[in-house]
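So you can see what is in the structure, the chains are spelled out below.
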Amino acid sequence: MPRYSITTFGCQMNVHDSERMHDVLRRAGYTEAGGPDEADVLVLNTCSVREKAEQKLRSEVGRLARWKREGEGRVVVVAGCVAQQEGERLLKQMRTIDVVVGPDNIPELPGLLGDLALGGLPVARTVFDLDAPRFLVASPPPASRAAPTAFVTIMKGCDERCSFCIVPHTRGPERYRPSDEIVAEIAALVSAGTREVTLLGQTVNSYSDPLGALPRAPGASADDPDESEFAALLRRVAADVPGLARLRYTSPHPRHLTPSLILAHAELAVLPRHVHLPVQSGSDRVLRRMIRRYTRAEYVARTRALVEAVPGLTLSTDIIVGFPGETEDDFAATLSLVREVGFKGLFGFKYSRRPHTPALKLPDDVPEGLKGERLARLFEASEALLAAHLSGLVGTTQEVLVEGRDKERGHGGQGGALWSGRTGRHEIAHIEGAAELDLLGEVVEVSIARANKHSLQAELTEAARAAARPRQRGAAEPRPARRSLPVVAAEGG
């Protein structure tokens, strides 16, 4: 059987697309290789949100020229946003590439590979499914337990047109998935063992059911232009899939943090006490140039209303530094917003010019060195807030969803691999002294022993230890937790 390997760059949408490519290729008879060197087909699933991501692709393709020469019939596939952005140009610029496939054309991948094997020429397929949107459904391998966490796409594309963002060009306009399909996929995942689902969308909380199957959510106003059916979707998932332990979502837009969504957070126990809400800048002048369509005051008011409705809820965000025209006063406004809101984590990026974006009309006038200096100051402020937050949790009791083994921290004198997972507020927790127990996929009660730089060190409470299952001898080693950053965020948003 032909063997494949997938390398993923970028956001959760790309992670989800890679998981669906695994499904598509397995159903077509391919088997996953132990690594790229053992593969017959190597897929690079790419990101184009920032210039550095494209540079990574070009560097990787250059390295693969030798890999391809060393094995007869080896195939290089480029998928994802760079594939969508560049299309056939990639085939002309880099002869190593055999197939270019956009996110909406993933179901066609086995057929494209089959044509190539029969002597077909290199091909690019990057056509948006605007008339009949397709959403690939997770299909865990038979006789295997689903991962504790899973992504479920509820929409794709974006209509926001932020001036810095290439996503509308690479993912197309917004297309929504029927709520019946969303609920059915989540129910199937939960039946297979998944405990936590993250709903995915470029502006996930702008969701609208294309079949009109959702009732109006409590608190929703027909006169609010920012209102959507997202809160109604959350309520339906909570009601129809009671076995789901946690329901997260990413990446929301601040405009759609409406009263109905805030009320859902206050009333639905399945929603964890954490929201990642990209702000991008704390300066109204820069927000206008970014075409974000909200002000600093509106962002603060909406997040404050959310925190007041859900005591203890934590917020994280995305921020761009060095956007065209950003002054020191603009950056100071961003730093003050970080401290005012009290973000417990953030992703910070230096602005980079992207093709097909309105910001190309603006001069990239912030020197690269100054961008780097501002980014360092931003991280310094963020790290201080996170450190104080994590330190304040020492001695408390938290509930952790165990996602897997943290092998990187588990060796070197720590008595075997540690279990790793996340609290309801998304803090990473490493659980010590439980190597002999089977905790995978369990929500366990832990006592926080100490704070690390970006995570917590924890121990099972006596009650949790008494309730835990012993690990069976000879059982396969569970894979490590998939995520390893303090905050997971979709690009854009």
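Below is a short write-up of the structure. (Residues numbered from 1 in each chain as written. Predicted model: local features only at pLDDT ≥ 70, side-chain atom pairs only at ≥ 80, totals over all residues. Heavy atoms only, no water.)

1. What about unusual backbone geometry?
Part 1 of the argument: Looking along the chain, the bond that leaves T250 and enters S251 is cis, with omega of 5°.
Part 2 of the argument: Within the secondary structure layout, S251 lies in the loop between strand 11 (246-250) and helix 9 (259-267).
Part 3 of the argument: Of note, I291 is a non-glycine position whose phi angle comes to about 55°, a positive value.
Part 4 of the argument: Locating I291 in the fold gives a position in the loop between helix 10 (284-290) and helix 11 (296-309). (Helix = DSSP H or I, 4+ residues; strand = E, 2+ residues; numbered from the N terminus.)

2. Observations concerning the packing of aromatic side chains
Part 1 of the argument: Throughout the structure, instances matching the rule amount to six aromatic pairs.
Part 2 of the argument: With a centroid separation of 5.2 Å and 75° between ring planes, the pair formed by F323 and Y351 is classed as edge-to-face. With F323 in the loop between strand 13 (314-321) and helix 12 (328-341) and Y351 in the loop between strand 14 (346-350) and helix 13 (368-392), this residue pair connects regions lying 28 residues apart in the sequence. An identical accessibility class is assigned to F323 and Y351; each is buried.
Part 3 of the argument: Pairwise contacts between aromatic rings join Y294, Y299 and F343 into one cluster.
Part 4 of the argument: The side chain of R405 reaches across the aromatic face of W419, ending 4.0 Å from its centre. (Phe/Tyr/Trp six-rings, centres within 6.5 Å; stacked < 30°, edge-to-face > 60°. Buried < 20%, exposed > 50% of the residue type's maximum accessible area, 1.4 Å probe, protein only. Lys NZ or Arg CZ within 6 Å of the ring centre and 35° of its normal.)

3. Structural notes on the state of the cysteines
Part 1 of the argument: Overall, the coordinates contain zero disulfides when judged by the stated rule.
Part 2 of the argument: With no disulfide partner, C81 has as its closest neighbouring cysteine sulfur the one in C47, 6.1 Å distant.
Part 3 of the argument: You can see C165 has no disulfide; the closest cysteine sulfur is in C162, sitting 6.2 Å from it.
Part 4 of the argument: Among the residues examined, C165 registers a relative accessible area of 12% and is labelled buried. (Disulfide = S-S within 2.5 Å.)

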